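# Reading the structure
Each chain, written out:
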Amino acid sequence: MSTWANLGLQDSASPLMEQLIFFHDHALLILVMITILVGYLMFMLFFNSYINRFLLHGQLIEMIWTILPAIILLFIAMPSLRLLYLLDEINEPSITLKSIGHQWYWSYEYSDFNDIEFDSYMIPTNELSNDGFRLLDVDNRIVLPMNSQIRILVTAADVIHSWTIPALGVKVDGTPGRLNQTNFFINRPGLFYGQCSEICGANHSFMPIVIESVPVNYFIKWISSKVNS
Ligand code: CUA
């Protein structure tokens, strides 16, 4: 999760988020180089007192400063497209989680198992324990196995919501009447927090998501305790 004064991206917990961070740094570096070059040129213009009365056009320099930015843009567009298609790739998931957005809570279904479904509400501030995170903790967490390919299906029951986990690089809209799909791979254990990110009504800010990433044998224990109860 994000903590104090963290203005950048969160640490990644999945290979796709890692790639997204690399792409962000790559694009930012190009941006900084362009800003410095253009800033330098604009600044230096103030001190330029040379004037050429016969200068009306320059075919060569215009050719260069048209083609060069196009090439620079390609260096951003190509990795961007690579990531876009990588994010949409489904790699034989070993488990499926269905999340349904409601005003204003999420409900989850583990469709691979019999009748495992539950609602997940934010814990109100006045009921929060001392180690809880305000506006971020929920009563029923999603438990998922780490080091496995996980598919999520997202939809909504009333208005549009968005199932968003920054550390995993996942953001899928839940739209009534549609079933959206994506997948991710959690590469470490831990708690991963997310929030709804479509403006979905008065309590939009109060429908967080918590994923508990655990080793596979712990997940099997948890899911069998759910099946038997
Ligand atoms: Cu649900 Cu915003």
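Residues numbered from 1 in each chain as written. Predicted model: local features only at pLDDT ≥ 70, side-chain atom pairs only at ≥ 80, totals over all residues. Heavy atoms only, no water.

### Observations concerning the sheet that holds strand E6 (residues 161–165)
Overall, mixed pairing links the 5 strands, which are arranged E4-E10-E9-E6-E7 in an open sheet. Of all the strands in the sheet, just strand E4 (142–145) and strand E7 (170–174) have a single pairing partner and so form its edges. Each strand of the sheet is rotated relative to its neighbour by a mean of 25 degrees, with strand direction disregarded. The pairing of strand E9 (residues 190–196) with strand E10 (residues 209–214) spans 5 bridges and is antiparallel. Pairing of Gly194 across the sheet is with Ile209, part of E10. Each of E4 and E10 touches helix H3 (residues 216–228); the most contacted strand, E4, lies at about 140 degrees to it. (Pairing = 2+ DSSP bridges. Helix = DSSP H or I, 4+ residues; strand = E, 2+ residues; numbered from the N terminus. Axes fitted to C-alpha atoms, helices over the stretch in contact; angles between N-to-C directions. Contact = heavy atoms within 4.5 Å.)

### What to know about the UniProt feature "domain: Cytochrome oxidase subunit II copper A binding" (unreviewed entry) in the chain
The sites that carry the UniProt feature "domain: Cytochrome oxidase subunit II copper A binding" (unreviewed entry) are, in the present numbering, residues 92–225. For residues 92–225, the end-to-end C-alpha separation is 26 Å, with 7% helix and 45% strand making up the annotated structure. (UniProt positions renumbered as here; feature names shortened; annotations may be inferred.)

### Some points on the pairing of E4
Side chains Ile142 and Leu144 project from E4 onto one buried face, and the interleaved Val143 and Pro145 project onto a second face that is buried too. Where E4 meets E10, 4 bridges bridge the pair, whose relative direction is parallel. Residue pairing across strands places Pro145 opposite Val214, the latter belonging to E10. (Buried < 20%, exposed > 50% of the residue type's maximum accessible area, 1.4 Å probe, protein only.)

### Re helix H1 (residues 15–45)
The end-to-end C-alpha separation of H1 is 46 Å, in line with the 45 Å expected for 31 residues at 1.5 Å each. Among the residues of H1, Leu16, Met17, Ile21 and Ile30 are the ones counted as buried. In the core, the buried residues of H1 are packed alongside helix H2 (59–87) and strand E8 (180–185). (Expected span 1.5 Å × (residues − 1).)

### What to know about the side chain of Thr155
Structurally, Thr155 is set in strand E5 (residues 149–156). Residue class for Thr155 comes out buried when judged on its relative accessible area of 13%. Beyond its immediate chain neighbours, meaning those up to four positions away, Thr155 contacts Ser99, Ile100, Gly101, Gly174, Thr175, Gly177, Arg178 and Leu179.

### Some remarks on the packing of aromatic side chains
Inspection of the entire model under this criterion finds 11 aromatic pairs. Ring centres of Tyr108 and Phe118 lie 5.9 Å apart, and the angle between their planes is 50 degrees; on these two criteria the pair is classed as tilted. With Tyr108 in strand E2 (residues 105–110) and Phe118 in strand E3 (residues 116–120), this residue pair connects regions lying 10 residues apart in the sequence. Among the residues examined, Tyr108 registers a relative accessible area of 0% and is labelled buried. Members of the aromatic cluster, connected to one another through ring pairs, are Tyr108, Tyr110, Phe113, Phe118, Phe219 and Trp222. Directly above the aromatic system of Tyr218 lies the positively charged group of Lys221, at a separation of 5.6 Å from the ring centroid. It is Lys226 that lies over the ring of Phe118; its NZ or CZ is 4.7 Å from the centre. (Phe/Tyr/Trp six-rings, centres within 6.5 Å; stacked < 30°, edge-to-face > 60°. Lys NZ or Arg CZ within 6 Å of the ring centre and 35° of its normal.)

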